[in-house]
Each structure stands twice: as C-alpha cells, then as structure tokens.
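Structural overview for review
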Amino acid sequence: MIFYFSGTGNSSWAARQLARLTGDEAYDITHLNELPNMDNVWQIGFVFPVYAWGAPEIMTEFVKKLPKLRVFTFGVCTCGGDAGLTMKQFSKLYPLSSSYSLLMPNNYIIGSDTDQVEEILQKITAARTELERMAQEIRRQEQVYRVHEGGLAGVKSHLVNFGFNKFARSAKPFFAEDSCNGCGQCIRNCPAHAISLRDGKPVWETQCFQCLRCINECPQQAIQYGKATAGRRRYTIRGYLPQNEQI
Ligand SMILES: Cc1cc2nc3c(=O)[nH]c(=O)nc-3n(C[C@H](O)[C@H](O)[C@H](O)COP(=O)(O)O)c2cc1C
Ligand code: SF4
Ligand code: SF4
C-alpha cells in the first residue's frame, strides 16, 4: 500500500511507477475520505515532494494518524536538488525500513525558473532507472538509505524549514492576470481547497500548502505569485509523460 501526495505530478508518477513495479496500489492521500482496508498489507510506502528540506505538512499530519503496522516500510521524497534531513525526520514520525530521495524536475518557480527542457528529460529518464532499482530492493525487502542530503542539511531542515512553514506559506501573493478565462481548473484541483471564484476570477485564502499546482498547471498561465514568477516557465510532469503513464 503506497500513500502519496503530489503538487505537480512528480511524486504521483513515482508512486504509481513503484506500485506497478512492486505489484501494489498507490493512493492519493488528498482523495482518501477513510483509510483503505489494511488487513492484508505486506508493505507500506510513502511518496511526497520535499518542501524546504522537509516533508509537506499534509503528509506528516497523515502519517501521525496512520496505524503503525509491523510490515516493511519505505519512503521516497522527490526533490529538485537535495533533500536534507527530510527522510530522517519523517522516519521519526513513521519508522521506515528504507528511505530514498529521487531527483526530479524542480517545480518551485517562486524561487527560480524551471529546469531547461533537456534537464527535465534527463532527470525523468534517470528517475525511471532509479525507480526500477528501488523497486527491486523493495521487493527483496532490503534496508536501504539512499538520500541525497546535500550540504548544510541540518541547518536547512531545521532552521530554513521552520522559516518556510512559518512565513513562506502565504497564498496572498497569488493573483490571476486578465488572461484568466474563469475556467475554474485551479479551484477544482487545489488540494488545500484554498481557492474560490469571486466575480469570475479566482481568489486565494491566506495560507495554503504551497504545492504550486495552481500556478504551474493553469492552462492560460494566468497565475502569478507577487512579482516573483513573471517571465518564468511553468512545470508539470504531464507534458513529459507518454499516454500510458499519464497521471
Ligand atoms: C514549496 C516548495 C519547496 C521546495 N523545496 C525543495 C527543497 O528544499 N529541495 C529540493 O530539492 N526541491 C524542493 N522543491 C522542489 C520539489 O520538491 C520537486 O520539484 C518535487 O519533485 C515536486 O514534486 P510534485 O510534482 O510531486 O509536487 C520544492 C518545491 C516546492 C513547491
Ligand atoms: S486555471 Fe487559470 S484560467 Fe482557469 S480559473 Fe484558474 S487562473 Fe483562471
Ligand atoms: S493554492 Fe495553489 S499552491 Fe496553494 S495548495 Fe492550492 S494549488 Fe497548491
């Protein structure tokens, strides 16, 4: 049983690939009204993006309520660069037999522009190979810690992560430009239900998960975050997947 959270599809794709390769099922935690039956579970996996060198709060809150079963457990964080102590911190909330990071295209366009197309394609190709290796290890129930922590991991995962959750999760800077046609996609797809329609245009609540799905996936590219995102490209994995792997 694999539980995942994903903003722009990287973690969703990785979770589904792992489910396919290990003969398991993947569940989007934002669509779960109640837990699936866990009677015959032989493994539990978690897949989620790294947010400021930590796990997204929605995932940490989810695992706090999950029963701790005595089965093989693994966690995979997808990241654009490095993961810091994300998996060590996560395994304190839910003990993990194995931990991995998976390098994927960067979706944090508030901080910097997306990767160039060539790098995006390279990362996805390398991720396919890494997912197959992971799946073999998971099937053998090997205990592995293969996480690219990067430099200053402690500082990033403690100090910077604290700052992110306290000060950088404001949804107030989001706004829709005139090119917005009021299609409502951003509202329907926001996992935090933090967007609503007012006078035909989306408006944002004060806080959200910062998954960046709305801004990256708007078909009109009409959403901006203050002045940070003007002129930057948008990223979602959907444009890079073959039909049979669409999420
Ligand atoms: C709010 C936020 C913070 C992020 N922080 C990090 C980070 O600390 N380290 C990193 O390597 N990537 C970081 N990223 C990039 C994502 O972790 C990466 O692109 C991930 O694969 C996105 O997964 P998703 O498509 O499933 O949402 C961040 C992205 C967002 C939206
Ligand atoms: S997805 Fe884009 S075009 Fe559609 S309502 Fe939201 S901002 Fe407007
Ligand atoms: S408002 Fe946008 S960034 Fe925030 S949770 Fe919703 S989709 Fe994600």
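Residues numbered from 1 in each chain as written. Chains lettered and ligands numbered in written order. Predicted model: local features only at pLDDT ≥ 70, side-chain atom pairs only at ≥ 80, totals over all residues. Heavy atoms only, no water.

**Details of the overall build of the protein chain**
What the protein chain contains, in helices and strands, is seven helices and 10 strands. For 247 residues, the compact-globule formula gives about 18 Å, and the C-alpha radius of gyration of the protein chain, at 18 Å, lands near that figure. In terms of its C-alpha atoms, the protein chain occupies a principal-axis envelope of roughly 55 × 40 × 40 Å. Scored against the burial criterion, the 247 residues of the protein chain give a buried share of 51%. Relative to all contacts within the protein chain whose residues are 6 or more apart in sequence, the contacts with residues 24 or more apart total 74%. Carbon and sulfur atoms make up 50% of the accessible area of the protein chain, which totals about 12100 Å². Looking at the protein chain, you have 27 positive and 23 negative side-chain charges, and the mean spots of the two groups are 4 Å apart. (Helix = DSSP H or I, 4+ residues; strand = E, 2+ residues; numbered from the N terminus. Rg over C-alpha atoms; globule rule 2.2 N^0.38 Å. Buried < 20%, exposed > 50% of the residue type's maximum accessible area, 1.4 Å probe, protein only. Contact = heavy atoms within 4.5 Å. Areas by Shrake-Rupley, 256 points an atom, 1.4 Å probe, with all protein chains shown as cover. Lys, Arg positive; Asp, Glu negative; His and termini not counted. Charge placed at Lys NZ, Arg CZ, Asp CG, Glu CD.)

**Observations regarding the site of ligand 3**
Every residue near ligand 3 is listed here: Phe 174, Cys 190, Pro 191, Ala 192, Ile 195, Trp 204, Cys 208, Phe 209, Gln 210, Cys 211, Leu 212 and Cys 214. Residues belonging to the shell around ligand 3 are distributed by class as follows: 11 nonpolar, one polar and no charged. (Near = heavy atom within 4 Å. Nonpolar A, V, L, I, M, F, W, Y, C, P; charged D, E, K, R; others polar.)

**Regarding the pattern of salt bridges**
A pair can form between side chains of opposite charge whenever their charged atoms are brought close. Taken as a whole, this structure holds 14 salt bridges when the rule is applied. Note that Glu 57 is salt-bridged to Arg 169, the shortest N-O span being 3.3 Å. In this pair, Glu 57 sits in helix H2 (residues 57-65) while Arg 169 sits in the loop between helix H5 (153-167) and strand E7 (174-176), placing the two residues 112 residues apart along the sequence. Notably, a salt bridge pairs Arg 128 with Glu 245, separated by 2.8 Å at the nearest N-O pair. A residue pair is termed long-range when its members are at least 10 positions apart, and Arg 128 in helix H4 (residues 117-139) and Glu 245 in the segment after strand E10 (223-225) qualify at 117 residues. The exposure class assigned to Glu 245 is buried, which follows from its relative accessible area of 16%. (Salt bridge = Lys/Arg side-chain N within 4 Å of Asp/Glu carboxyl O.)

**Considerations on the site of ligand 2**
Surveying the vicinity of ligand 2 reveals the residues Cys 180, Asn 181, Gly 182, Cys 183, Gly 184, Gln 185, Cys 186, Pro 202, Cys 218, Pro 219, Gln 220 and Ile 223. A class-by-class count of the residues in the shell around ligand 2 yields seven nonpolar, five polar and no charged.

**A short note on the layout of surface pockets**
If you add up the space inside the largest pocket, you get close to 560 Å³. Around the largest pocket, the lining comprises 28 residues; the ones closest to its centre are Val 50, Tyr 51, Ala 52, Asn 106 and Tyr 108. Elements that contribute at least two residues to the lining of the largest pocket include exactly helix H1 (10-22), strand E4 (72-79) and H5. Here the lining of the largest pocket is built from residues that sort into 13 nonpolar, 14 polar and one charged. Reported here for the second largest pocket is a volume of approximately 370 Å³. When residues of the lining of the second largest pocket are traced back to their parent elements, those giving at least two are H1, helix H6 (185-189) and helix H7 (213-217). Per-element tally for the lining of the second largest pocket: the top contributor is H6, with three residues. (1 Å grid on protein atoms, 1.4 Å probe; cavity = no way out; pocket = protein on both sides within 12 Å on 5 of 7 lines; lining within 4 Å. Points joined across faces, edges and corners; volume = space filled by probe spheres on them.)

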